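Results of the structural survey
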Amino acid sequence: MTTLAVLEQRDGALRKISFEVVTGAQRLGQPVEAVVCGAGTVQGVDQVAKFGADKIVTLTNPAFARYAPEACAQALAERAKQGGYRAIVFTASATGKDLAPRVAAKLGVAVAGDLTDLNAEGDAVVVTRPVYAGKALLKVKVASQPAVLSLRPNVFTPVERPKAGASETVAVNVGPGRVTVREIKAAPAGTLDVAEAQVIISGGRGLKEPANFKVLEELAHAFGGRAAVGASRAVVDAGWRAHADQVGQTGKTVSPSLYIAVGISGAIQHLAGMRTSKVIVAINKDKDAPIFKVADYGVVGDLFEIVPKLTEEIRKLHG
Amino acid sequence: MKIAVCIKRVPDSETRVKIAADGKSLDEAGVKFVLNPYDEFAVEEALRRKEQAGAGEVAVFCLGPAAAQETIRTALAMGADRGVLLSVDKIPADPLESAKVLAAELKSSSWDLILFGRMAIDDYNTQVGTLVAELLDLPCVSAVSHLDIEGAKGVAEREIEGGIEVVDFPLPAVLTTDKGLNEPRYPALKGIMAAKKKPLDIKPVQPGTGTLEIAALTPPPARKEGRIVGEGAGAVGELVRLLREEAKVL
Ligand SMILES: Cc1cc2nc3c(=O)[nH]c(=O)nc-3n(C[C@H](O)[C@H](O)[C@H](O)COP(=O)(O)OP(=O)(O)OC[C@H]3O[C@@H](n4cnc5c(N)ncnc54)[C@H](O)[C@@H]3O)c2cc1C
Ligand SMILES: Nc1ncnc2c1ncn2[C@@H]1O[C@H](COP(=O)(O)O)[C@@H](O)[C@H]1O
């Protein structure tokens, strides 16, 4: 049996999150076949061999220049139906969350999605997924062959494990589909999405007014391109920050290596989006704020004094 | 515009999660249930589309226990015209089984739009809408945060990492709604009174068991006890040292 790891590309270049899928897929103890849908050769796809792909398949079709939900789903489902796959593993990114259920339905199964853990146990695949806003973990036995899974981003840290990665290109014959991406409105250049950042500095109502987010942007900048600025719902609803930056139950789920919550109280719906971060720092003037219950390190006090000082120290380290 | 909206009854997001004696489910004693917040966006969007068109119907469908009638009444109070409860003792653990039951019910009429929430805030499955679309072979756009419809053509926006995807699709279609699409209305007293008289059909259904089996529901691993490093700007030096030497993230 083989595990099929579905990679992601944008504008013809492999997305880094693909390495996590290849790393996670190996947890099932089977050879990994990595597959990507592209209009032609996908730049960087050969790199997945380094992370443990035994085989790399590029499915090509002109429709794949942009994400083509129906065409991709059809091509992947047809590949999966050739048989011999124990599992099909996606990433639970914006695209993966759209694509995985389409493929699953075509295979007559559901997705076990947004996983933080997966293991093979006999004939079944046993997975763990956070539910109830991260307040509980659900352990699920997936009995279908193949199991269709998606992995929570930033949980399966890519590990180098070089494999042959023999590559194959297959032109697939699928139509463009009824649902087509007309364009991608890119976020302003240089802004990193919170879902992809290794460091997130999030601000809440404690920032007092939108202009003060500059303090957080300066701190993010001090991390040199690895950090993004996130926000609580309170400040998104107030129109201070874009919804794309919102962390939490009705925003994004993130798991960066470092999450710094500034002037955020730590409501359960905010925690839902960030409690799987590796290290959490809280800066809040209220020593009883619930955020301190999940923070590894807390500093009590006025953020307008603490954050600029922190920025200065981080600059020294990176300077 | 004839619009169907699928809604789910879920525990309020403030709920303290207590695990039931079976070790596999939520202890529902004392839990407050609400209309899934993402489904509020779907109901609101349906109402606005119908209001704009000046004619049509908004019907809501809910697969759930008898108590979910209350959830349906909430949607009726917002302004939906009628509701259908697909009644079960327990919602299946496999979302495909829920999708099959919903698809079978929706198939008996023709709809311009079928709306779902992006995800249910209890099980976080994030797929029932897309599965129903596949079962009915309808075009589907998921996680819609902006929507324009003209005639039989729609343009939707969805957030992706680092940008917004602009998607063209034909009607009839299935859409799943994300935050940002609209601001859901609160049911007014008049609406609540009117909802009591609106039709609510109850149809017992028998979903299959599917291939996903719940093995256990457990509390999340407790995060290692954190600590307050200190107060004010004076604590920053120590914080940075800890982040470097202990946490090793700098
Ligand atoms: C269905 C539902 C979904 C939701 N989804 C989300 C979600 O996705 N994300 C989310 O974040 N919330 C969400 N919420 C809202 C959530 O319940 C909280 O209301 C919100 O997170 C509070 O935002 P906040 O922490 O910025 O504001 P507050 O709770 O007002 O906290 C502000 C904090 O700033 C501190 N502070 C003030 N001044 C300073 C200063 N000078 N220096 C240091 N600290 C200071 C205060 O002590 C306080 O702790 C949701 C709610 C519901 C009902
Ligand atoms: N039992 C149900 N009854 C009606 N609609 C449902 C049910 N379960 C899920 N849905 C719909 O599907 C969406 C996604 O749910 P889920 O895939 O469970 O996260 C929800 O927001 C609802 O619109």
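Residues numbered from 1 in each chain as written. Chains lettered and ligands numbered in written order. Predicted model: local features only at pLDDT ≥ 70, side-chain atom pairs only at ≥ 80, totals over all residues. Heavy atoms only, no water.

1. As for the interface of chain B and chain A
Taken residue by residue, the interface counts 76 residues in chain B and 86 residues in chain A. When chain B packs against chain A, the two sides together hide about 7100 Å² of surface, and 57% of this comes from carbon and sulfur. Area buried by chain B at its contact with chain A is led by Glu 161, Lys 179 and Arg 223 of chain B, which between them contribute 12% of it. Put simply, chain B and chain A have nine salt bridges between them. For Glu 161 of chain B, the salt bridge identified is with Arg 10 of chain A, shortest N-O distance 3.7 Å. In this structure, the connection of chain B to chain A is made through 44 residue pairs in polar contact (both at pLDDT 80 or more). Broken down by secondary-structure element, the contributors of at least two residues to the side of chain B that touches chain A are helix H3 (95-106), helix H4 (128-136), strand S7 (140-150), strand S8 (153-160), strand S9 (163-170), strand S12 (212-218), strand S13 (227-231) and helix H6 (236-245) of chain B. (Contact = heavy atoms within 4.5 Å. Buried area = accessible area lost by both parts, 1.4 Å probe. Salt bridge = Lys/Arg side-chain N within 4 Å of Asp/Glu carboxyl O. Polar contact = N/O pair within 3.5 Å; in protein donor to acceptor, adjacent residues only side chain to side chain. Helix = DSSP H or I, 4+ residues; strand = E, 2+ residues; numbered from the N terminus.)

2. A word on the site of ligand 2
Residues and elements named next belong to chain B. Near ligand 2 you find 19 residues, and of these Cys 6, Asp 39, Leu 63, Ala 120 and Thr 126 are the closest. The separation between an oxygen atom of ligand 2 and a polar main-chain atom of Gly 117 is 2.9 Å. Between ligand 2 and the protein, one listed contact pairs an oxygen atom with a side-chain N or O atom of Asp 123 at 3.1 Å. Protein chains bury 99% of the 480 Å² of accessible surface belonging to ligand 2 in isolation. Those elements giving two or more residues to the shell around ligand 2 turn out to be strand S4 (57-64) and strand S6 (113-117). At three residues, the largest contribution of residues to the shell around ligand 2 is made by S4. Considered class by class, the residues forming the shell around ligand 2 number 11 nonpolar, five polar and three charged. (Near = heavy atom within 4 Å. Areas by Shrake-Rupley, 256 points an atom, 1.4 Å probe, with all protein chains shown as cover. Nonpolar A, V, L, I, M, F, W, Y, C, P; charged D, E, K, R; others polar.)

3. Considering the site of ligand 1
Near ligand 1 lie 28 residues; those nearest to it are Ser 232, Thr 250, Ser 265, Gln 269 and Asn 284 of chain A. One finds residues of chains A and B in close proximity to ligand 1. Here Arg 233 of chain A contributes a backbone N or O atom positioned 2.9 Å from an oxygen atom of ligand 1. For ligand 1, the accessible surface in isolation is 990 Å², of which the surrounding protein chains cover 81%. Elements with a contribution of two residues or more to the shell around ligand 1: helix H5 (233-237), helix H6 (268-274) and helix H8 (303-318) of chain A. A breakdown of the residues in the shell around ligand 1 according to their chemical character gives seven nonpolar, 15 polar and six charged.

4. Some details on unusual backbone geometry
In the segment running from Gln 145 of chain A into Pro 146 of chain A, the intervening peptide bond is cis, with an omega of -5°. For Pro 146 of chain A, the location among the structural elements is in the loop between strand S10 (136-142) and strand S11 (147-151). Cis geometry is adopted by the peptide bond preceding Pro 172 of chain B, which originates at Leu 171 of chain B and carries an omega value of -5°. Looking at the secondary structure, you find Pro 172 of chain B in the loop between S9 and strand S10 (173-177). Positioned with a positive phi, Asn 154 of chain A is a non-glycine residue whose angle comes to about 70°.

5. What to know about the domain arrangement of chain A
Residue and element names in this part refer to chain A. For chain A, the assigned domains are domain 1 (3-171) and domain 2 (199-317). Each of domain 1 and domain 2 was reduced to a C-alpha centroid, and the two centroids are 31 Å apart. Of the residues lining the interface, eight residues belong to domain 1; the matching set on domain 2 comes to eight residues. Together, the buried faces of domain 1 and domain 2 total about 670 Å²; carbon and sulfur atoms form 53% of this surface. Three residues, Ala 133, Arg 152 and Asn 154, lead the burial of domain 1 against domain 2; their summed loss comes to 60% of the area buried on that side. Linking domain 1 to domain 2 there are zero salt bridges. There are two residue pairs in polar contact (both at pLDDT 80 or more) connecting domain 1 and domain 2. In terms of residue class, the side of domain 1 that touches domain 2 is made up of three nonpolar, three polar and two charged. (Domains from an automatic or database assignment.)

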